[in-house]
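# Structural description and commentary
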Amino acid sequence: MSVSPAALVARRALAAASQSSHEGGGRTWKILSFVLALPGVAVCMANCYMKMQSHSHEQPEFVAYPHLRLRTKRFPWGDGNHSLFHNAHTNPLPDGYETSHH
């Protein structure tokens, strides 16, 4: 089986590339982690903290839209009216918000 000269040159070039040195790759990723990743996480944390401080924690006014909070049958847990992950501060019942202790 004869191999064309172009294929032989390409094979040798690819073989030479696979033998290249990868020394210092771990050091590069370590530097990138400290220079880019950690400051990026710090900026995201600061952004979340500032948004949390400026956020209003008041409940929005309840509007009983007829197409929302439909209950065709009771939930199989609790009193049957609260969803599984119910939060009294953010999730109203069909007749409005529950009394809040805040």
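Residues numbered from 1 in each chain as written. Predicted model: local features only at pLDDT ≥ 70, side-chain atom pairs only at ≥ 80, totals over all residues. Heavy atoms only, no water.

Looking at an unreviewed UniProt entry, the chain carries the name Cytochrome c oxidase subunit, with the source organism given as Eleginops maclovinus. The Sequence similarities (unreviewed entry) field of the UniProt record for the chain holds the comment "Belongs to the cytochrome c oxidase subunit 6A family." The UniProt entry for the chain carries this comment under Subcellular location (unreviewed entry): "Mitochondrion inner membrane". (UniProt positions renumbered as here; feature names shortened; annotations may be inferred.)

## A look at the packing of aromatic side chains
Inspection of every chain in the model, using the stated rule, returns two aromatic pairs. Here the aromatic rings of phenylalanine 62 and tyrosine 97 are separated by 6.1 Å at their centres, their planes lie at 75°, and the arrangement is edge-to-face. Here phenylalanine 62, found in the segment after helix H2 (25-54), pairs with tyrosine 97, found in the segment after H2; they are 35 residues apart in sequence, far enough to count as distant. Measuring from centroid to centroid gives 5.3 Å for phenylalanine 75 and tryptophan 77, while their planes differ by 15°, and the two rings are stacked. According to the relative accessible area criterion, phenylalanine 75 is partly exposed, its value standing at 27%. Accessibility expressed as a relative area gives 33% for tryptophan 77, which makes it partly exposed. (Phe/Tyr/Trp six-rings, centres within 6.5 Å; stacked < 30°, edge-to-face > 60°. Helix = DSSP H or I, 4+ residues; strand = E, 2+ residues; numbered from the N terminus. Buried < 20%, exposed > 50% of the residue type's maximum accessible area, 1.4 Å probe, protein only.)

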